[in-house]
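Below are the chains, spelled out letter by letter.
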Amino acid sequence: VAFVADSGIHALHGLPDWIQKRLHQTGQLADQLGIPLYLVGGIVRDALLGIPNTDVDLVVEGDGLDFAEHLARRFEATVRAHRRFGTATAVFPDRTKLDLATARSEHYPRPAALPVVQPGSIHDDLGRRDFTVNAMALRLNTDRYGERVDPHHGLDDLRQGLIRVLHPLSFIDDPTRLFRAARLEQRLNFTLESVTERLLREAVRTGLVDRLSGHRVLAQLRLICEETHPWAIVERLDGLQALQAIHPKLNASDQVRQAFSAIDREKHAGVSLPKAFWLFYILALVHAQDEQTLAALLTRLRPDRKLAACMAHLPAMRRLARAVTEERIDTPADFFRHASGLSPETVRFFAWTSPEAAVRERCAAYYLRDRHTRLSIDGHTLRRMGVPQGPAYGRILEAVLYEKINGHIHNEQEERRTALAVWAALQKKEENETPGKTGE
Ligand code: ATP
């Protein structure tokens, strides 16, 4: 059972000062304009639970864009309007932001299609939302400040720790909500209400996930992977058969779990921003799949070029890792030659997650050091040293680079010396390969 603030006012008082100040200001402006103004969505849910959240979402019963313009004039904010959706983002001189929307009603012309929207009341606006705990509003007009609007009894569900849809067609209207449900449930440590879970399983069973574009499915996977504890959500989705609805072979196997924990460790070490790890968790989710399944996932999810390359390079990276384990590749330069055609993130993923220490070390050395290796000499240097210009330049410089990666070269002088030696060797080889030339 969750601890929940006993009133809207109480919840609002728990928000950071800068948000409270903005809410009072916008409330007063709404009073002057004679329009009802509300705080809505995730921040209301989190404020009632006492969880930090700084995504301020406001809804006006009236023209949201017009209200944003007034806000801009009064507080010197800049406004970015998204006319098609009747929403706007106001950015204040102190760089704080808030989102404004016109209260609207929504209907879905067909399952999984994007909704048709029109202006409506706050009740309409809350009625189009996903779960009861997300469908509460707090009034911001001065005389009714903190008054809760909760037509779907979200507060009761918040107290009981339940994720409940507003109506039986919710997952059919928008199947992305089944991923949202698992994500919110695990994040808040809540439970899917039993009818909601049944509806969700039914939506999965009847193939509704197939109706979502790859882009929308991947966006949900990314949101999951940006959470603090993505593994719990992945495991839950597996239990709900929802991973398998994306591709029958996706699952929360031990191998996937181990990769997730390895990435967790890196994330908690805190070198990069936590959200930046999403790509590695996606790789963790798919990394154990065969080539054919990976190709099918690429077709299904249509990731952007970077993620697509990272996924597509997994099989080659796996082969490279095996070669390292079997000691068929045993110098840094040898590894470099094979790895330099792969996306660095795929190599980094193996540096973190491979069960083999030798693979982790090789991959880390490549990712952190070897791939950044540069020579002090170049083609100009070779020309000045009297090497005749030609295709040999590329081969010489490459050979010197490999020597440097292998740790046999420490300064420019050694680079020059090695270059000349390579050149001499190349010439000798050429002579041996064309015996007629010298013999006649
Ligand atoms: P988070 O904390 O992850 O940002 P949130 O609850 O703030 O979660 P957003 O994605 O920012 O979620 O959306 C804001 C609000 O819009 C939600 O609280 C919910 O009321 C509503 N919402 C978002 N996505 C949907 C959806 N697919 N269907 C219905 N309502 C939605």
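Before any of the text, the structure's been laid out above.
The rules behind these values
- Residues numbered from 1 in each chain as written.
- Predicted model: local features only at pLDDT ≥ 70, side-chain atom pairs only at ≥ 80, totals over all residues.
- Heavy atoms only, no water.
- Helix = DSSP H or I, 4+ residues; strand = E, 2+ residues; numbered from the N terminus.
- Rg over C-alpha atoms; globule rule 2.2 N^0.38 Å.
- Buried < 20%, exposed > 50% of the residue type's maximum accessible area, 1.4 Å probe, protein only.
- Contact = heavy atoms within 4.5 Å.
- Areas by Shrake-Rupley, 256 points an atom, 1.4 Å probe, with all protein chains shown as cover.
- Near = heavy atom within 4 Å.
- Polar contact = N/O pair within 3.5 Å; in protein donor to acceptor, adjacent residues only side chain to side chain.
- Nonpolar A, V, L, I, M, F, W, Y, C, P; charged D, E, K, R; others polar.
- Core = buried A, V, L, I, M, F, W, Y, C linked by side-chain atoms within 4.5 Å.
- 1 Å grid on protein atoms, 1.4 Å probe; cavity = no way out; pocket = protein on both sides within 12 Å on 5 of 7 lines; lining within 4 Å.
- Points joined across faces, edges and corners; volume = space filled by probe spheres on them.
- Pairing = 2+ DSSP bridges.
- Axes fitted to C-alpha atoms, helices over the stretch in contact; angles between N-to-C directions.
- Salt bridge = Lys/Arg side-chain N within 4 Å of Asp/Glu carboxyl O.
- Left-handed = near helix turned anticlockwise from the far one by under 90°.

Undergrad: I'd like to hear about the overall build of the chain, residue by residue, with values.
TA: A count of helices and strands for the chain gives 24 helices and eleven strands. The C-alpha atoms of the chain give 29 Å as radius of gyration, which overshoots the globular expectation for 440 residues (22 Å, by more than 25%). Scored against the burial criterion, the 440 residues of the chain give a buried share of 50%. Considering only contacts in the chain between residues 6 or more positions apart, those separated by 24 or more positions represent 64%. When the accessible surface of the chain is summed, it comes to about 22100 Å², and 49% of that surface belongs to carbon and sulfur atoms.

Undergrad: Before we move on, can you summarise the site of the ligand with the specific residues and values?
TA: Arg-45, Arg-129, Asp-174, Arg-177 and Arg-187 are the nearest of the 13 residues found near the ligand. Contacts to the ligand include Arg-45, whose side-chain N or O atom sits 2.8 Å from an oxygen atom. Contacts to the ligand include Arg-183, whose side-chain N or O atom sits 3.1 Å from an oxygen atom. For the ligand, the accessible surface in isolation is 580 Å², of which the surrounding protein chains cover 73%. Of all elements in the fold, only helix 3 (42–49) and helix 8 (176–188) reach the threshold of two or more residues within the shell around the ligand. Looking at which element gives the most residues to the shell around the ligand, the answer is helix 8, with five residues. Each residue belonging to the shell around the ligand can be placed in one class, and the counts come to no nonpolar, four polar and nine charged.

Undergrad: Run through the nonpolar core, naming residues and quoting values.
TA: Note that soluble globular proteins tend to have their nonpolar side chains buried in a common cluster. Counting residues in each nonpolar core, the largest one holds 116 residues, and the members touching the most others are Leu-23, Leu-39 and Phe-335. No other element matches the nine residues that helix 14 (residues 278–286) contributes to this core.

Undergrad: Break down empty space enclosed by the protein for me, citing the residues and quoting the values.
TA: A complete count under the given rule lists one cavity of 30 Å³ or more for this structure. As for the largest cavity, its lining consists of Leu-221, Ile-224, Cys-225, Val-234, Leu-237, Leu-243 and Leu-285. Of all the secondary structure elements, the ones that give two or more residues to the lining of the largest cavity are helix 10 (214–225) and helix 11 (230–239). Top element by residues in the lining of the largest cavity is helix 10. It accounts for three residues. When grouped by side-chain class, the residues that make up the lining of the largest cavity number seven nonpolar, no polar and no charged.

Undergrad: Go over the sheet that holds strand 2 (residues 57–60) with me, naming the residues and quoting the values.
TA: Overall, mixed pairing links the seven strands, which are arranged 3-4-5-2-1-8-9 in an open sheet. The open sheet is flanked by strand 3 (78–82) and strand 9 (148–149), the only strands paired with a single partner. Both strand 4 (residues 87–91) and strand 5 (residues 97–102) contribute to a ladder of five bridges, which runs antiparallel. Bridge pairing links Ala-90 to Leu-98 in strand 5. In the packing of helix 4 (residues 64–75) onto the sheet, contacts are made with strand 1 (37–40), strand 2, strand 3, strand 4 and strand 5, and the angle to strand 5 comes to roughly 145°.

Undergrad: An account of the pattern of salt bridges is needed here, citing residue identities and associated values.
TA: Going through the model one piece at a time under the given rule, you end up with 27 salt bridges. The salt bridge partner of Glu-147 is Arg-144, with a shortest N-O separation of 2.8 Å. Measuring nitrogen to oxygen at the nearest pair gives 3.9 Å for the salt bridge that ties Arg-177 to Asp-174. For the pair formed by Arg-177 and Asp-174, the shared burial category is buried. Several salt bridges converge on common partners, so that one network encompasses Glu-106, Asp-125, Arg-128 and Arg-129.

Undergrad: I'd love a proper account of the environment of His-247, names of residues and values included.
TA: Residue placement: His-247 occurs in the loop between helix 12 (242–246) and helix 13 (254–269). Taking C-alpha positions, His-247 is 9.9 Å from Leu-294, a pair spaced 47 residues apart along the chain. Residues contacting His-247, with those up to four places away along its chain left out, are Thr-293, Ala-296 and Leu-297.

Undergrad: Talk me through the layout of surface pockets; I want residue IDs and the actual numbers.
TA: In this model, the second largest pocket occupies a volume close to 440 Å³. Elements with a contribution of two residues or more to the lining of the second largest pocket: helix 13, helix 17 (314–325) and helix 19 (344–353). Sorting elements by how many residues they give to the lining of the second largest pocket places helix 13 first, with six residues. The class makeup of the residues in the lining of the second largest pocket is seven nonpolar, seven polar and five charged.

Undergrad: Can you explain the pairing of strand 2? Please cite residues and give values.
TA: Residues in a regular strand point their side chains to alternate faces of the sheet. For strand 1 and strand 2, the ladder comprises three bridges, and the chain directions are antiparallel. Its bridge partner lying in strand 2, Leu-37 is registered against Val-60. As defined by bridge partners, strand 2 adjoins strand 5 across four bridges and the pair is classed as parallel. Among the inter-strand pairings, Val-60 is bridged to a residue of strand 5, identified as Thr-102.

Undergrad: I'd like a rundown of the packing of helix 14 against helix 16 (residues 305–312), residues and numbers included.
TA: Two elements in contact, helix 14 and helix 16, have axes separated by 10 Å at closest approach and are oriented at 35°. Note on packing geometry: the crossing formed by helix 14 with helix 16 is right-handed. From helix 14, Trp-278, Leu-279, Ile-282, Leu-283 and Val-286 reach across to helix 16, where they touch Lys-306, Leu-307, Cys-310 and Met-311. Considering only residue class, the contact of helix 14 with helix 16 consists of eight nonpolar, no polar and one charged.

Undergrad: Mind laying out the side chain of Arg-183, listing which residues take part and the relevant values?
TA: Examined against the element boundaries, Arg-183 turns out to sit in helix 8. The class for Arg-183 is buried, based on a relative accessible area of 9%. Once residues within four sequence positions are removed from consideration, Arg-183 is found in contact with Leu-223, Ile-224, Glu-227 and Ile-233.

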